[in-house]
Amino acid sequence: MAGLLNRSPHPSQRIPNLLLAAVHDLVLAADPHPAVGELSRWYGSVTDRPNAVGPGLDDPWPHFRRVVLEHPGVADRTATRSTQTNEVGRCATVMPVLATMEATEGSLALVEIGASAGLNLLVDRWSYRYTRRPDVSAAEVEMARVTGEGGPVLTCELRGQGTPPIPERPPIPAHRVGVDLNPVELGDPAQARWLLACQWPDEPERIERARLAIAEGSRLRPRVEPGDAVDRVTDLVRAAPAGLLPVVVSTWVLSYLSEPRRRELSDRLDHLGSVRDFTMVLAEQPELITGLEVPPRPDGRPDGAATALVRIDWRGGERRARRLADQHPHGAWLEWFAT
Ligand SMILES: C[S@@+](CC[C@H](N)C(=O)[O-])C[C@H]1O[C@@H](n2cnc3c(N)ncnc32)[C@H](O)[C@@H]1O
């Protein structure tokens, strides 16, 4: 099975996640191969009562191995595809930041780099539920609910002492556009299914949330242009309609760029900021975006494996960067720092 991955043309494809996604995709497609049917009984993404994993008859491994070695669709996928996700859960942490800007500076023009299928451009379509635990061992208590136009409810646990500025309704961007090296075409059922296939089948809530978001995205078709973020970002900001505040959003994208390309992006944004006001909101893991300056946590604690939520404003030619929060990579929790 490892040999199969090693035949993938690009080193970035030679990862176990790609093999798992290739098999999951056949399961989601209800492929008629008998071993796929057998294996499906362990997948929480297609059954409400997945088999327990254990020894003997509870072991999915023989079926998994058969699918990989017998089904030509696995080799086909590992040779031609790469893993691709679009995590709407991240809207739960970015949404309050966008709402604050909309309230204080007027309507927004969203420019998302590495937008994947563009689901996070639809920040006004989702609903949000913020919870808190009175103490670590206690159950979560709902603190606030923000209702959008449709789609899934995104739950985010608030941690630490700070409270984010949760609005009464999500912001409604007046203009939105994304750019991605490989945009996912939601109108193509195979591409939409691949987004699900790249998620873990034993996280059914996350899969359900993605299913609802994909259904809404397929209807609304957010605009995501093909292209490189570094090459395109300046033009996309410049093309924002006059009177709107352009906001460049980047969530788990900058780590895919080489360090020189990240520096180039930073230089281009600074250059643009010298002639035009705009903001960037990024949710990225500091250790993975070397070459970019990420403001430290205000309490001086070192960065761990958390994702940093950072706002950078360029106003009147001045640049100001703020570390607003730390968060779970998918937005499951938020530790707000800013006042
Ligand atoms: C982990 S996904 C994150 C997608 C989305 N931002 C989210 O939070 O769900 C990374 C995305 O970045 C895109 N990407 C990677 N390098 C890129 C580049 N140089 N220019 C544009 N998009 C890029 C990938 O195609 C992929 O869609």
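In this text, all values refer to a predicted model and were calculated from it rather than measured experimentally.

Enquirer: Can you walk me through the overall build of the protein chain in this structure?
Expert: A count of helices and strands for the protein chain gives ten helices and eleven strands. Its C-alpha radius of gyration of 21 Å places the protein chain within 12% of the 20 Å reference for a compact globule of 339 residues. Dimensions of the protein chain along its principal axes, counting C-alpha atoms only, are 65 × 45 × 40 Å. For the protein chain, buried positions account for 42% of its 339 residues. Considering only contacts in the protein chain between residues 6 or more positions apart, those separated by 24 or more positions represent 74%.

Enquirer: Would you mind going over the nonpolar core with me for this structure?
Expert: Val-94, Val-111, Leu-195, Val-233, Val-247 and Val-248 are the most contacted members of the largest nonpolar core, which has 86 residues in total. With sequence-adjacent residues up to four places away left out, Val-111 is seen in contact with Val-177, Val-233, Leu-236, Val-237, Ala-240, Pro-246, Val-247 and Val-248.

Enquirer: Got a minute to help me understand helix H10 (residues 259–273) in this structure?
Expert: Because an α-helix packs 3.6 residues into every turn, residues spaced three or four apart end up facing the same way. Over its 15 residues, H10 runs 21 Å from end to end, which matches the ideal 21 Å to within 8%, given 1.5 Å per residue. Along its buried surface, H10 packs onto helix H9 (229–238), strand E8 (278–284), strand E9 (307–315) and strand E10 (318–327).

Enquirer: For this particular structure, what's the right way to read the environment of Trp-252?
Expert: Tracing the backbone through its elements, the reader meets Trp-252 in the loop between strand E7 (245–251) and H10. By C-beta crowding, Trp-252 is classed as partly exposed, having 19 other C-beta atoms within 10 Å. Counting along the chain gives 66 residues from Trp-252 to Glu-318, while the straight-line C-alpha distance between them is 26 Å. Beyond its immediate sequence surroundings of up to four residues, Trp-252 is in contact with Ala-283, Glu-284 and Pro-329.

Enquirer: What's the story with the packing of H9 against H10 in this structure? I'm lost.
Expert: Following both chains from N to C, one finds H9 and H10 inclined at 15 degrees, their axes separated by 9 Å at the closest point. By the angle between their directions, the pair H9 and H10 is classed as roughly parallel. As H9 runs across H10, the sense of the crossing is right-handed. Contacts between H9 and H10 involve Ala-229, Val-230, Val-233, Thr-234 and Val-237 from the first element and Arg-261, Glu-264, Leu-265, Arg-268 and Leu-272 from the second.

Enquirer: Help me understand the domain arrangement of the protein chain, please; the structure alone is not making it clear to me.
Expert: By domain assignment, the protein chain separates into domain 1 (2–80) and domain 2 (88–336). The centre of domain 1, based on its C-alpha atoms, is set 31 Å off from the matching centre of domain 2. In this assembly, eight residues from domain 1 lie in contact with nine residues from domain 2. Grouping the constituent residues of the side of domain 1 that touches domain 2 by class yields four nonpolar, three polar and one charged.

Enquirer: Whenever I open this one, the pairing of E10 confuses me. Can you help?
Expert: Moving residue by residue along a regular strand, the side chains alternate between the two faces of the sheet. Judged from the nine bridges that link them, E9 and E10 form a sheet pairing that is antiparallel. Across the sheet, residue Trp-314 finds its bridge partner in E10, namely Arg-319. Following E9, the chain reverses through two residues before pairing antiparallel with E10; Gly-316 in that reversal takes a positive phi of roughly 55 degrees. Two strands pair when backbone bridges link them, and E10 and strand E11 (residues 333–336) are joined in this way by three bridges, in the antiparallel orientation. Among the inter-strand pairings, Ala-325 is bridged to a residue of E11, identified as Trp-336. Here E10 hands over to E11 after five residues, with Gly-331 in that stretch at a positive phi of 85 degrees.

Enquirer: Explanation requested: the site of the ligand in the structure shown.
Expert: Lining the immediate surroundings of the ligand are 21 residues, of which Gly-114, Ser-116, Ala-229, Thr-251 and Tyr-256 lie closest. The class makeup of the residues in the shell around the ligand is nine nonpolar, eight polar and four charged.

Enquirer: Just checking my understanding: could you explain the sheet that holds E9 for this structure?
Expert: In a beta sheet, neighbouring strands are held together by backbone hydrogen bonds and run either parallel or antiparallel to one another. Read across the open sheet, the eleven strands follow the order E3-E2-E4-E11-E10-E9-E8-E7-E1-E5-E6; overall the sheet is mixed. A single partner strand is all that each edge strand has here, and the edge strands are strand E3 (141–146) and strand E6 (224–226). Along the sheet, successive strands turn relative to each other by an average axial angle of 25 degrees, direction set aside. Seen against the sheet, H9 touches strand E1 (108–113), strand E5 (175–180), E7 and E8 and runs at an angle of roughly 170 degrees to E1.

Enquirer: What's the story with the pairing of E9 in this structure? I'm lost.
Expert: Of all nine residues in E9, eight are buried; the element is thus mostly enclosed. Across seven bridges, the pairing between E8 and E9 is antiparallel. Directly across from Phe-278, in E9, lies its bridge partner Trp-314.

Enquirer: Quick question: what am I supposed to make of unusual backbone geometry here?
Expert: Negative phi characterises most residues that are not glycine, and trans characterises most peptide bonds. For Ala-30, which is not glycine, the phi torsion reads 50 degrees and is therefore positive. Along the polypeptide, Ala-30 turns up in the loop between helix H2 (16–28) and helix H3 (34–40). For Ala-30, a count of 10 C-beta atoms within 10 Å gives the class exposed. Even without being glycine, Trp-252 reaches a positive phi, approximately 55 degrees.

Enquirer: I would appreciate a short explanation of the environment of Glu-102 in the present structure.
Expert: You can see Glu-102 is positioned in helix H6 (residues 91–105). By C-beta crowding, Glu-102 is classed as partly exposed, having 19 other C-beta atoms within 10 Å. Once the C-alpha coordinates of Glu-102 and Gln-327 are considered, the two residues, 225 residues apart in sequence, prove to be 22 Å apart. The contacts of Glu-102, once residues within four sequence positions are left out, are Ser-107, Leu-108 and Pro-171.

Reading the values: rules and limits
Residues numbered from 1 in each chain as written. Predicted model: local features only at pLDDT ≥ 70, side-chain atom pairs only at ≥ 80, totals over all residues. Helix = DSSP H or I, 4+ residues; strand = E, 2+ residues; numbered from the N terminus. Rg over C-alpha atoms; globule rule 2.2 N^0.38 Å. Buried ≥ 20, exposed ≤ 12 C-beta atoms within 10 Å, placed from the backbone. Contact = placed C-beta atoms within 7 Å. Core = buried A, V, L, I, M, F, W, Y, C linked by C-beta atoms within 7 Å. Expected span 1.5 Å × (residues − 1). Axes fitted to C-alpha atoms, helices over the stretch in contact; angles between N-to-C directions. Parallel < 35°, antiparallel > 145°, perpendicular 65-115°, else oblique. Left-handed = near helix turned anticlockwise from the far one by under 90°. Domains from an automatic or database assignment. Nonpolar A, V, L, I, M, F, W, Y, C, P; charged D, E, K, R; others polar. Pairing = 2+ DSSP bridges. Near = placed C-beta within 6 Å.

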